Each structure stands twice: as C-alpha cells, then as structure tokens.
Amino acid sequence: MTFPGLKGSTGQRKGFAGSVRGFRAYMARNWSLYAMLTLPLLYFFIFSYLPMVNVQLAWRQNNVFASVWDVPWVGWDNFERAFSLSPFRDAIRNTLMFSFLDLAIGFPAPIVLALLLNELKMPRFKKVTQTISYMPFFLSWIIISGLAINLFSTSTGAINNIIVGWGGSTVPFLNSNTHWVFTNVFLNVWRTVGWSTIIYLAAITNVNPELYEAAEVDGASRLRKMWHVTLPGIRPVIVILFILTLGQIMGADLARFIAMENHLVRGVAEVIPTFTFRWGLQSMQFALAAAIGIFQSVIGMFLLLSANYAVRKLGGQGFW
C-alpha cells in the first residue's frame with residue numbers, strides 16, 4: 001500500500017542525511033573559526049544588547065533609586081516634556097545647522113584632498129603631506145580648544161595680532177555666534193580631513209590603470225582624468241560614506257562642543273548631546289535622556305534608510 005503524502009520520502013530522507021553529513025564535515029574543518037567568533041559575539045551580547053533592556057526607561061517615570069522594572073509606566077510623557085523645552089528645540093536647530101555645514105564643507109574636503117594627493121608625482125612628498133594632514137586627528141578636542149584660544153583669541157590670539165599688525169581690527173572668532181560657528185566647522189574639517197582621505201586614497205588604488213591610459217590616448221588632461229575616471233571609480237565609496245553621514249545628521253561630537261563652547265556663544269553651541277548631558281545626566285533626569293536618545297536613533301535610522309532607498313532608486317549601489 002502506498003500513501004500519497006509519503007511519496008518520495010525515501011529520497012528526501014537521503015537528501016537530509018547527506019546535508020547533515022555535509023554540515024558535520026564543514027564544521028569539522030572550520031570549527032576553529034566559529035570558536036573565535038564566540039568572544040566577540042559574547043562581548044556584543046553583554047555590552048550592546050543586554051543594556052538595551054533599559055531603553056524602556058524612556059517610557060517610564062524617572063527614578064534613579066529603583067529598578068527599571070519597578071518604575072511606573074508613563075507612556076510618551078518624557079517625549080512631550082523634551083519637546084516642550086525651548087532649549088531642546090534650540091539644540092535640534094543647532095545640531096541640524098552644524099550637521100549640514102559639516103556635510104557641505106567637510107564631506108567634499110577629503111575627496112578633493114585625495115584627488116590632489118593622487119596626482120602628486122613625488123612619492124616622498126606625497127607621503128609627508130598625507131602624514132601631516134592626518135596627524136591632527138590624533139589630537140583631542142581639549143588640545144584643539146587650547147590651540148584655538150592661542151590662535152583666535154581677540155586679546156592674545158596670534159591670528160588677531162597679525163590682523164591688527166596689518167592695520168585691521170580684531171575679529172571675534174570665539175566670541176561672536178557667526179564667527180564661532182564657522183571657526184568650529186573649520187577646526188573640525190582640519191582635524192578630520194586627512195584621516196578621511198585615507199579611505200578615498202585606498203579606493204583610488206582599485207581604479208583600473210588601463211582607464212587612465214585610454215583617457216591619455218584620447219588626449220584627456222589631468223583634470224579630465226580626475227573627473228571622468230577617478231571620481232566614477234570611487235563613486236561607490238563616496239555613496240556609502242554619504243549614506244553613513246546622513247545617518248549621523250542628528251548626532252554631534254560631545255567633546256567637540258563641550259571643549260569649544262563658552263558662555264558668549266551658548267545659544268549656538270548647545271547641541272543635542274550637550275543638552276542631554278546637562279539636562280539628562282548632570283540633573284539625573286535619566287528618563288528624559290533616554291527619550292532624547294530614542295528620538296535621535298529613530299531619526300538617524302529613518303534618514304539612513306531613506307538615503308539608501310534614494311540611492312538604489314537612482315541606480316546607485318547602497319548597503320542592500
């Protein structure tokens with residue numbers, strides 16, 4: 001007697017047994033690789049995923065003396081309280097302003113520097129220039145703030161002393177809102193441009209040299225070769241980094257603004273991380289800080305997904 005439901009079951013059992021034998025043979029050969037993954041996975045689980053249990057604090061009443069499970073549920077009250085604070089709305093405005101300035105000025109800067117370094121014909125000079133350009137990345141913002149005071153101070157700054165010596169008047173680089181914003185953006189570009197250039201220089205090395213030879217045969221100048229060969233060759237890297245930058249548009253470097261701010265420019269220097277630090281952590285309003293963190297993460301994820309979707313629709317290559 002045969003049963004329709006069991007038709008071909010013998011072949012299925014043989015196929016399953018073969019798959020099991022193949023899996024066992026694969027694990028016998030590569031078990032050491034998976035063993036090495038144990039510690040990294042355990043690290044991320046303990047320090048990245050287990051603490052996410054406390055994310056629910058954003059929807060609970062603030063209480064620093066009780067477990068998060070014992071604190072009453074308040075819903076969206078912490079989010080409503082955050083948006084009702086005018087300093088928080090100002091912090092959002094300032095964060096977006098600095099993010100767009102960094103994107104408009106700081107994002108193209110390493111691309112341009114990488115293109116220029118790639119055109120240098122003297123290898124030793126190229127290496128020295130590249131080393132000098134990325135050395136500021138290893139300076140902390142505390143050191144950079146001290147350098148900024150020595151350079152841009154209205155009374156003792158070297159730049160203002162030169163301006164006054166040439167017959168001009170002092171420029172309030174660190175005391176005026178507008179001047180402080182562009183000084184801050186300039187210092188950030190100066191600090192990060194060399195380090196970011198490394199990625200683009202590595203991408204340029206993967207461009208097919210035959211394309212440059214063909215362009216040279218066609219009579220293309222060096223500028224034309226940069227525009228029609230080098231830039232299209234590193235376009236996937238530019239797109240990926242652009243998407244990552246958009247995902248961080250609601251964030252800011254806490255050390256950068258804590259170190260550079262002063263009471264004269266507090267109106268433009270207060271960004272979301274500094275607001276969270278002062279209102280959420282120093283004042284022990286952890287529920288408020290958690291709500292602001294959730295808001296930043298959601299907006300950042302939305303921008304990341306939107307940018308990736310737009311790139312794919314335009315025919316580019318995104319993350320997925």
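Scroll up a little and you will see the structure.
Values in this document were obtained by computation on a predicted structure and should not be read as measured data.

Caption draft 1: Representation of the overall build of the protein. For the protein, the helix and strand inventory stands at 16 helices and zero strands. Here the C-alpha atoms of the protein give a radius of gyration of 27 Å, more than 25% beyond the 20 Å that 2.2 N^0.38 yields for 320 residues. Seen through its principal axes, the protein has C-alpha atoms that stretch 110 × 75 × 40 Å. Every one of the 320 residues in the protein was classed for burial, and the buried ones make up 33%. Charge centroids of the protein, computed over 24 positive and 13 negative side chains, lie 13 Å from each other.

Caption draft 2: The arrangement of the packing of helix α15 (residues 272–282) against helix α16 (residues 286–313) in detail. Look at α15 against α16: their axes get within 8 Å of each other, and the N-to-C directions meet at 160°. The angle between the axes of α15 and α16 places the two elements in the roughly antiparallel class. The chirality of how α15 crosses α16 is left-handed. Within the contact between the two elements, α15 uses Ile272, Phe275, Thr276, Trp279, Gly280 and Leu281 and α16 uses Phe286, Leu288, Ala289, Ile292 and Gln296. Tallied by class, the residues present in the contact of α15 with α16 amount to eight nonpolar, three polar and no charged.

Caption draft 3: Here's a closer look at the packing of aromatic side chains. Under the defined criterion, the tally for this structure stands at 21 aromatic pairs. Ring geometry for tyrosine 26 and tyrosine 34: centres 6.2 Å apart, planes at 70°, overall edge-to-face. Its relative accessible area of 34% is what places tyrosine 26 among the partly exposed residues. We classify tyrosine 34 as partly exposed; its relative accessible area is 39%. Arranged with centres 6.4 Å apart and planes meeting at 50°, the rings of tryptophan 180 and phenylalanine 257 form a pair that is tilted.

About the cut-offs
Residues numbered from 1 in each chain as written. Predicted model: local features only at pLDDT ≥ 70, side-chain atom pairs only at ≥ 80, totals over all residues. Heavy atoms only, no water. Helix = DSSP H or I, 4+ residues; strand = E, 2+ residues; numbered from the N terminus. Rg over C-alpha atoms; globule rule 2.2 N^0.38 Å. Buried < 20%, exposed > 50% of the residue type's maximum accessible area, 1.4 Å probe, protein only. Lys, Arg positive; Asp, Glu negative; His and termini not counted. Charge placed at Lys NZ, Arg CZ, Asp CG, Glu CD. Axes fitted to C-alpha atoms, helices over the stretch in contact; angles between N-to-C directions. Parallel < 35°, antiparallel > 145°, perpendicular 65-115°, else oblique. Left-handed = near helix turned anticlockwise from the far one by under 90°. Contact = heavy atoms within 4.5 Å. Nonpolar A, V, L, I, M, F, W, Y, C, P; charged D, E, K, R; others polar. Phe/Tyr/Trp six-rings, centres within 6.5 Å; stacked < 30°, edge-to-face > 60°.

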